[in-house]
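Spelled out from the first residue to the last, the chains are:
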Amino acid sequence: VGEVEWTKVIVKEWNIDIFLNTNGFGMGFQQGRTPNYYDKHFWEIDFWYNIHHKAVLGRNPYFESTRPFTYGKMCDLFMLRGGYGYQRTIHQKPYWGGVRIRYTLSGGFALGIALPIYVYIAQYSAAGEVIGKVSERYDPEKHKIDVIISRSNFFLWIGKTTLHPGFYLKTGLNFDFSKDEYTMHALEIGGTFDMVFPPVQQMAYNKKKSWFLCAYI
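Residues numbered from 1 in each chain as written. Predicted model: local features only at pLDDT ≥ 70, side-chain atom pairs only at ≥ 80, totals over all residues. Heavy atoms only, no water.

This part is about the state of the cysteines. For the coordinates displayed, the defined rule picks out 0 disulfides. Not engaged in a disulfide, the cysteine Cys214 finds its nearest cysteine sulfur in Cys75; these two sulfurs lie 16 Å apart. (Disulfide = S-S within 2.5 Å.)

For the rest of this paragraph, the subject is the pairing of strand S3 (residues 39–50). The side chains of a regular strand alternate, residue by residue, between the two faces of the sheet. As judged from the 10 bridges shared by strand S2 (residues 24–33) and S3, these two strands associate in the antiparallel manner. Among the inter-strand pairings, Gly28 is bridged to a residue of S3, identified as Asp46. Hairpin connection of S2 to S3: 5 residues between the antiparallel strands. In this sheet, strand S6 (residues 75–91) lies alongside S3 in antiparallel orientation, the contact comprising 12 bridges. By the bridge assignment, Tyr49 is partnered in S6 with Phe78. (Pairing = 2+ DSSP bridges. Helix = DSSP H or I, 4+ residues; strand = E, 2+ residues; numbered from the N terminus.)

Formed by Phe19, Trp48, Cys75, Leu77, Met79, Ala114, Val196, Val200, Phe212 and Cys214, the largest nonpolar core amounts to 10 residues. Contributions of two or more residues to this core are made by S6, strand S12 (186–200) and strand S13 (209–216). No other element matches S6, which puts 3 residues into this core. Residue contacts for Cys75: discarding those within four places in its chain leaves Ala114, Leu115, Pro116, Ile117, Val200, Gln201 and Gln202. Grouped together as the second largest cluster of nonpolar side chains are 8 residues, Phe69, Ile117, Ile121 and Tyr138 included. (Core = buried A, V, L, I, M, F, W, Y, C linked by side-chain atoms within 4.5 Å. Buried < 20%, exposed > 50% of the residue type's maximum accessible area, 1.4 Å probe, protein only. Contact = heavy atoms within 4.5 Å.)

Now for the sheet that holds strand S8 (residues 118–124). Taking strand neighbours across the sheet as the criterion, the 3 strands line up as S9-S8-S10 in an open arrangement whose pairing is antiparallel. Every other strand in the sheet has two partners, leaving strand S9 (130–137) and strand S10 (148–151) as the edge strands with one partner each. Between one strand axis and the next, the sheet turns through 30 degrees on average, direction left out of account. Sheet topology note: the S8/S10 ladder contains 3 bridges and is antiparallel. Note that in S10 the partner of Ile121 across the bridge is Ile148. (Axes fitted to C-alpha atoms, helices over the stretch in contact; angles between N-to-C directions.)

It is worth spelling out the side chain of Arg151 at this point. Residue position: Arg151 is located in strand S10. Look at Arg151 and you get buried, because its relative accessible area is 14%.

This model, assessed by the stated rule, comprises 9 aromatic pairs. Centre to centre, the rings of Tyr71 and Tyr138 are 6.3 Å apart; their planes meet at 70 degrees, and the pair counts as edge-to-face. Residue Tyr71 is found in the loop between strand S5 (69–70) and S6, and its partner Tyr138 is found in the loop between S9 and S10; the two are separated by 67 residues along the sequence. For Tyr71, a relative accessible area of 35% corresponds to the partly exposed category. Accessibility expressed as a relative area gives 7% for Tyr138, which makes it buried. Chaining the aromatic ring pairs together yields one cluster made of Phe25, Phe47, Tyr49 and Phe78. Stacked on the ring of Tyr216, the Lys or Arg Lys170 has its end atom at 5.8 Å from the ring centre. Cation over ring: Lys209 sits above Trp211, and NZ or CZ is 5.0 Å from the ring centre. (Phe/Tyr/Trp six-rings, centres within 6.5 Å; stacked < 30°, edge-to-face > 60°. Lys NZ or Arg CZ within 6 Å of the ring centre and 35° of its normal.)

The following block contains the structure:
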């Protein structure tokens, strides 16, 4: 009835994501296909840095020109994720433009990468003067805040890295507001759940943790 309307269906999509979440920040890549007007199937990979909510970066005021460090921090935790996902369009753009709304659900393999923290420890003479420094793995029972000069060299940690495999789940709403039908500009909000084994202890005197729940944008 009336004039025939033509609608273009994009059959391939890819995007690069930069995101913030309640536990840190990261970036990712996603590529997918749209077999019909409403559905999209995709694979994704992302990498993000997990920040413990008690971590506070600072410097020892008794030593000048030193690297900042987080007192009590046992390791740096990164998450590498790769998996499969599905998106469903729940509101398509009108012909004159607007916003397309899709809900997204994905999951797959997660790998926690824990890099232990090494710090420079001050060496004192019998007279109480600093005569040098030595790099040691941070031990909360041994290294109090007054003997830590700064964070140690990054390359000392690499050989001590531990891997914590697991899985992740992610869901959210995607709002595509681009004016050009061949270019995607989108904002996505949602939540993620990561589970890794064995558990990771990021901060001293805090329990080891296997699961991480956060919201992202």
